[in-house]
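Below, each chain spelled out in residue letters.
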Amino acid sequence: MGLKLFNTMGREMQEFVPINKGEAFVYACGPTVYNYAHIGNLRTYIFEDILRRVLEFSGYKIKHVMNVTDVGHLTDDADSGEDKMEKSARETGRTVWDIAKFYTDAFFSDIESLNIEKPEIVCRATDHVGDMIDLIKKLEDKGYTYVSGGNVYFSIDKFADYGKMALLDRQNLQAGSRIEVDSNKRNPHDFVLWFTKSKFENHAMLWDSPWGKGYPGWHIECSAMSMKYLGESFDIHCGGIDHINVHHTNEIAQSEAASGKKWVNYWLHGEFLVMNKSKMAKSAGNFITLSTLKEKGYDPLDYRYFCLSGHYRSQLQFSFESLDAARTARVNLVDRVKALNAEALGAVSDKLSDKGTLYLEDFKSGIEDDLNCPKALAVFWTMLKDQNLEAGEKLSLSLMFDKVTGLELSVKKDEKEEIEELDDNIRRLIDEREEARKSKDFARSDSIRSELKMLGIEIKDTPDGTVWKKL
RNA sequence: GGCGCCGUACCCAAGCGGUAAGGGAGAGGUCUGCAAAACCUUCAUGCACCGGUUCGAAUCCGGUCGGCGCCUCCA
């Protein structure tokens, strides 16, 4: 039984068959770095990380490319509007390059704390303008473009399959129902490949091109960079569900028009994180960042666990109540594995029993069924609670499963080291409480316990003695 | 207006034709000086509603109601 993925192209479940045996080439749309990523954005990167880990678990060697969009996305209207980078720069008094650097760093810091594996190749749009120009020239040579009002447009009527993935009916497309149509366009759904005319003056990011000084349109970077690093045809392209209709539809048109080949075999799209019944967006006033969660005392991995509790193709309902549930579940999971470590003295069983093998198969069938993480977590918990499985085997399975879940279960914090970190005052209190308990002075011991709780230390008296843990 | 998706317990959420996974919360119990933790037990004759197909439907079909998204930059 192999890996099955839901392909947006054709809207059906398909067995994953890579172009090159044993290798998976993946392109994922990355961040636009004019602001912080919010946790809704981050959900998509967690989904892509799970895809990576499942492919690795299934034995594929991965080449994963992610772009960083540091130019070219506009704030409003179809093909006008102010460049978001420029707007952000103007508002904060920094240069566009500073803005890009700052938010790129912030993004990768978030990614790292969520234990997301970094793609093999991360590429910035501004470093690849030459590649984009080459691609536009190719499209021009093949007759897919026209120049109007100073800008280079892609003519969608020249590309027969336009809108195939999005299930767009070209005859019934209603452009302009919500926005003003750019009068330079022959077809309202044509899109810009290269701008030389912007209605905003003093554009800071400009490059020379055969069509004049300007900047690239906002779909061309993904086509240019993916083909540069992964070839004209590759296996998987993923991104947020909102990209299906416009961004990915246009990318397909320009890429396949240029190469004359099928560009991508499998399209995977992650659903939205919703909050109070609507998608997370700054304009809706429900914009939460990972920093906000950290300030509230959550571990980034609490959010990762939360995301794993839902399927990537379903909307996930965010609330702090649910996040609390995820935090508790994650901490319990970590504690259980820690306990297994202690019980098995860290020795994993190298051989699995029939029962253990069954759990492994169950887990695999979950993740191979279009990355069904909720199913995989359910198997994980059932395995941990199985009273007929020995600790070493449970530990071994846990560490295997965590290759996919990425909850850092194998990073066992040495409790002795933690004790070293405790300052003397706390250690003295713990000792003092032990003395009090021995002499049956329970009022004293209880007051010390509450004092420690104020300091963030929780005490538990087990049959094997008193243990403590940081809250 | 066009198109796509969804509605499962107090909360989150799997299941997608064979008789309701998992987590969190809640309840009871064992243990404990008391707690906490751990462990055990318990928690939807029911899957928005109404019809239909079927030996059998949360799962398929039709309708109704409710919600979300895309068609504008957007994860």
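Residues numbered from 1 in each chain as written. Chains lettered and ligands numbered in written order. Predicted model: local features only at pLDDT ≥ 70, side-chain atom pairs only at ≥ 80, totals over all residues. Heavy atoms only, no water.

J.: Could you give an account of the overall build of chain A, with specific residues and numbers?
T.: A tally of helices and strands in chain A yields 15 helices and 16 strands. Here chain A, with 471 residues, has 50% of them falling under the buried criterion. Here the analysis covers contacts within chain A between residues at least 6 apart in sequence; of these, 74% occur between residues at least 24 apart. Carbon and sulfur atoms make up 48% of the accessible area of chain A, which totals about 22600 Å². (Helix = DSSP H or I, 4+ residues; strand = E, 2+ residues; numbered from the N terminus. Buried < 20%, exposed > 50% of the residue type's maximum accessible area, 1.4 Å probe, protein only. Contact = heavy atoms within 4.5 Å. Areas by Shrake-Rupley, 256 points an atom, 1.4 Å probe, with all protein chains shown as cover.)

J.: Residue-level account of the pairing of strand β5 (residues 121-124), with values.
T.: Burial of the side chains of β5 is restricted to one face: I121 and C123 are buried, whereas none of V122 and R124 on the reverse face is. In this structure, strand β4 (residues 61-68) lies alongside β5, joined through 4 bridges in parallel fashion. Paired with V65 across the strands is I121, a residue of β5. (Pairing = 2+ DSSP bridges.)

J.: Provide a residue-level description of the packing of aromatic side chains, including the pertinent values.
T.: Taken as a whole and judged by the stated rule, the model has 24 aromatic pairs. Ring centres of Y45 and F107 lie 5.0 Å apart, and the angle between their planes is 80°; this geometry places the pair in the edge-to-face category. In this pair, Y45 is assigned in helix α1 (residues 39-57) and F107 in helix α3 (residues 96-113), connecting sequence segments 62 residues apart. For the pair shown, Y45 and F107 are each scored as buried. Put simply, the rings of Y298, Y303, F306, F318 and F320 pair up and form one aromatic cluster. A cation sits over an aromatic face here: R186 above Y146, 3.9 Å from the ring centre. The ring of F320 is capped by K296, whose NZ or CZ atom sits 5.0 Å from the centre of that ring. (Phe/Tyr/Trp six-rings, centres within 6.5 Å; stacked < 30°, edge-to-face > 60°. Lys NZ or Arg CZ within 6 Å of the ring centre and 35° of its normal.)

J.: If you had to explain the pairing of strand β1 (residues 4-7) to someone new, which residues and values would you point to?
T.: Examined bridge by bridge, β1 and strand β2 (residues 12-15) share 4 bridges and lie antiparallel to one another. Opposite F6, over in β2, you have M13 as the bridge partner. Here β1 hands over to β2 after 4 residues, with G10 in that stretch at a positive phi of 100°.

J.: Can you lay out the sheet that holds strand β6 (residues 145-148) for me, pointing to particular residues and giving the numbers?
T.: Neighbouring strands of a sheet are bound in pairs by backbone hydrogen bonds; such pairs are parallel or else antiparallel. The sheet built from 4 strands is open, its strands ordered β6-β7-β8-β9 with antiparallel pairing. Each end of this open sheet is capped by a strand with a single partner; those strands are β6 and β9 (215-216).

J.: Describe in detail the pattern of salt bridges, supporting the description with residues and values.
T.: Enumeration according to the criterion identifies 21 salt bridges in this entry. Put simply, R52 and E120 hold a salt bridge, and the shortest N to O gap is 3.0 Å. Highlighted residues: R52 in helix α1 and E120 in the loop between α3 and β5, separated in sequence by 68 residues. The exposure class assigned to E120 is partly exposed, which follows from its relative accessible area of 41%. Here E434 makes a salt bridge to R437, at a shortest N to O gap of 3.8 Å. Here R437 and E434 lie together in helix α14 (residues 424-438), a separation of 3 residues that amounts to about one turn. Judged by its relative accessible area of 29%, R437 falls in the partly exposed class. (Salt bridge = Lys/Arg side-chain N within 4 Å of Asp/Glu carboxyl O.)

J.: An account of the sheet that holds strand β14 (residues 316-318) is needed here, citing residue identities and associated values.
T.: Read from one edge of the open sheet, 3 strands run β13-β12-β14, paired in mixed fashion. Looking along the sheet, the strands with just one partner apiece sit at the ends: β13 (278-279) and β14. Contacting β12 (273-275) and β14, helix α8 (residues 300-308) runs over the sheet at an angle of about 145° to β14. (Axes fitted to C-alpha atoms, helices over the stretch in contact; angles between N-to-C directions.)

J.: Quick rundown of empty space enclosed by the protein? Include the residues and the values.
T.: All told, the structure shown has 2 cavities of 30 Å³ or more when counted by the stated rule. Counted as a void, the largest cavity has a volume near 130 Å³. Along the wall of the largest cavity there are 15 residues; nearest its centre are F47, I50, C307, G310 and Y312. For the lining of the largest cavity, the secondary structure elements donating two or more residues are α1, α8 and α11 (373-385). Examining the composition of the lining of the largest cavity, we find that 5 residues originate from one element, α1, more than from any other. Here the residues of the lining of the largest cavity sort into 9 nonpolar, 4 polar and 2 charged. (1 Å grid on protein atoms, 1.4 Å probe; cavity = no way out; pocket = protein on both sides within 12 Å on 5 of 7 lines; lining within 4 Å. Points joined across faces, edges and corners; volume = space filled by probe spheres on them. Nonpolar A, V, L, I, M, F, W, Y, C, P; charged D, E, K, R; others polar.)

J.: Give a description of the environment of F47 that names residues and reports values.
T.: Within the secondary structure, F47 sits in helix α1. Residue F47 is classed as buried on the basis of its relative accessible area of 6%. Put simply, F47 and E271 are 224 residues apart on the chain and 9.5 Å apart in space, counted from C-alpha to C-alpha. Dropping the residues within four chain positions of it, F47 is found in contact with C238, G239, L268, H269, G270, Y312 and L371.

J.: Please give an account of the packing of helix α4 (residues 129-141) against helix α6 (residues 244-259) that cites residues and values.
T.: Where α4 contacts α6, the two axes come as close as 9 Å, and the packing angle between them is 70°. The pairing of α4 with α6 is recorded here as roughly perpendicular in orientation. With respect to the hand of their crossing, α4 and α6 are arranged in left-handed fashion. For the pair α4 and α6, the contacting residues are L135, K138 and L139 in the first and Q254, A257 and A258 in the second. Along the lines of polarity and charge, the residues of the contact of α4 with α6 split into 4 nonpolar, 1 polar and 1 charged. (Parallel < 35°, antiparallel > 145°, perpendicular 65-115°, else oblique. Left-handed = near helix turned anticlockwise from the far one by under 90°.)

J.: Provide a residue-level description of α1, including the pertinent values.
T.: With 19 residues, α1 should cover 27 Å at 1.5 Å per step; its first-to-last C-alpha distance of 26 Å lies within 8% of that length. Counting buried residues in α1 gives 16 out of 19 residues, a clear majority hidden from the surface. One or two residues past the end of α1 sits G59, with phi positive at roughly 90°. (Expected span 1.5 Å × (residues − 1).)

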